[in-house]
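The lines below spell out each chain.
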Amino acid sequence: MLAFVSAPDRGEGDLLLTRVARRLMIAGIAVGGVVQVNTEVDPDRPCQMDLRLLTDDSLFRISQSLGLNSTGCRLDSSGLEEVVGRVSAAVLASPPQILILNKFGKQEAEGRGFRSVIGQAVVSGVPVLTSVSAKNLKAFELFTGGAATALGQDEDAVIAWCMSGFSAARQL
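Below or above, wherever it landed, is the structure these notes cover. (Residues numbered from 1 in each chain as written. Predicted model: local features only at pLDDT ≥ 70, side-chain atom pairs only at ≥ 80, totals over all residues. Heavy atoms only, no water.)

Quick look at the overall build of the protein now. Across its full length, the protein carries six helices and seven strands. The order of helices and strands in the protein, counted from the N terminus, is β-α-β-β-β-α-β-α-α-β-α-β-α. Here the protein holds 172 residues, and the buried ones make up 44% of them. Long-range contacts, defined here as pairs at least 24 residues apart, represent 63% of the contacts in the protein between residues at least 6 apart. On the protein, roughly 8900 Å² of surface is accessible, and the fraction owed to carbon and sulfur atoms is 52%. (Helix = DSSP H or I, 4+ residues; strand = E, 2+ residues; numbered from the N terminus. Buried < 20%, exposed > 50% of the residue type's maximum accessible area, 1.4 Å probe, protein only. Contact = heavy atoms within 4.5 Å. Areas by Shrake-Rupley, 256 points an atom, 1.4 Å probe, with all protein chains shown as cover.)

Turning to a positive patch on the surface, a few remarks are in order. A contiguous patch of positive charge on the surface is contributed by R10, K103, K106 and K135. Within the secondary structure, K135 sits in the loop between β6 (128-132) and α5 (137-144). (Patch = residues over 30% accessible without salt bridge, like charges linked within 9 Å, V, L, I, M, F, W, Y side chains within 5 Å. Salt bridge = Lys/Arg side-chain N within 4 Å of Asp/Glu carboxyl O. Lys, Arg positive; Asp, Glu negative; His and termini not counted. Charge placed at Lys NZ, Arg CZ, Asp CG, Glu CD.)

Core analysis: the biggest nonpolar cluster contains 25 residues, and V34, V83, V87, L99, L101 and F114 have the highest contact counts within it. Listed by contribution, the elements that provide at least two residues to this core are β1 (2-5), β3 (48-53), α2 (77-93), β5 (98-104), α4 (115-123) and β6. Per-element accounting of this core gives the leading share, five residues, to α2. Discounting chain neighbours no more than four positions away, the residues touching V87 are G33, V34, L53, L99, L101, F114 and V117. By size, the runner-up hydrophobic cluster in this structure holds 19 residues, among which are V5, V35, I98 and L129. (Core = buried A, V, L, I, M, F, W, Y, C linked by side-chain atoms within 4.5 Å.)

Right, let's get into the environment of T55. In this fold, T55 is placed in the loop between β3 and β4 (59-61). Since its relative accessible area comes to 53%, T55 is described here as exposed. For the pair T55 and V31, spaced 24 residues apart in the sequence, the C-alpha separation amounts to 7.0 Å.

With that out of the way, let us pick up unusual backbone geometry. Not every positive phi belongs to a glycine, and D57 is a case in point at roughly 70 degrees. Topologically, D57 is positioned in the loop between β3 and β4.

Now for the pattern of salt bridges. Applying the stated criterion to the full structure yields seven salt bridges. We note a salt bridge from E155 to R23, for which the minimum N-O separation is 3.1 Å. On the criterion of sequence distance, the pair formed by E155 in helix α6 (residues 155-171) and R23 in helix α1 (residues 12-26) is long-range, its members being 132 residues apart. On the basis of relative accessibility, which here comes to 19%, the residue E155 falls in the buried class. Taking the shortest distance from any N to any O, the salt bridge between R112 and E110 comes out at 2.5 Å. On the basis of relative accessible area, R112 is assigned to the partly exposed category, the value being 39%. One network of salt bridges, with partners in common, ties together R19, R23, E155 and D156.

Here we come to the pairing of β3. In this sheet, β4 lies alongside β3 in antiparallel orientation, the contact comprising three bridges. For R52, the partnering residue across the bridge sits in β4 and is L59. In this antiparallel pair of consecutive strands, β3 and β4, the connection spans five residues, and D57 shows a positive phi of 70 degrees. (Pairing = 2+ DSSP bridges.)

Right, let's talk about α2 for a bit. Helix length check: α2 (17 residues) gives 24 Å between terminal C-alpha atoms against 24 Å at 1.5 Å per residue, within 8%. For α2, the complete set of buried residues consists of G79, L80, V83, V84, V87, S88 and V91. (Expected span 1.5 Å × (residues − 1).)

What follows deals with the packing of aromatic side chains. The full count for this structure, using the stated rule, is three aromatic pairs. Here the aromatic rings of F104 and F140 are separated by 5.0 Å at their centres, their planes lie at 70 degrees, and the arrangement is edge-to-face. Taken together, the positions of F104 in strand β5 and F140 in helix α5 put the pair 36 residues apart, joining distant regions of the chain. Each of the two residues, F104 as well as F140, counts as buried. When the ring of F104 is compared with that of F143, the centres are 5.6 Å apart and the planes differ by 25 degrees; the resulting orientation is stacked. Of the two residues, F104 is situated in strand β5 and F143 in helix α5; the sequence distance between them amounts to 39 residues. Accessibility expressed as a relative area gives 1% for F104, which makes it buried. (Phe/Tyr/Trp six-rings, centres within 6.5 Å; stacked < 30°, edge-to-face > 60°.)

The following block contains the structure:
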């Protein structure tokens, strides 16, 4: 009921989840959650990060500009929490057939972000697909108790897991 992808290159997990979500929606699957959209605006500055709600295609900025020489975290945690609230409400109001969440990142590793939404979905029988970087893998494994399925980067294999997760959830 819970699986993750890990990509070695920055942004590759985001692109993979976006392609998977698109294919599932084209196949008529009710997909909930968010994917991350990174927009390069200046080669000398970090990209802008937005989350796209899969239910209505709206975009929410989750990055903040900290200045050219800043080394601090540029995540706008209040922007992220707004999206978390929207996704949580949507899952409660009309559970999707599968939930895709852009990542189990630092916020989730620290007990915030989409962590509660993942738990809410799993308890409700909704399969969850996310992305986990190597630096957050240990925290993810602690959170899931090792119960998550590690998927490779092969898009067709990820789609196959999603379809089998959807089928298994329907049988519950």
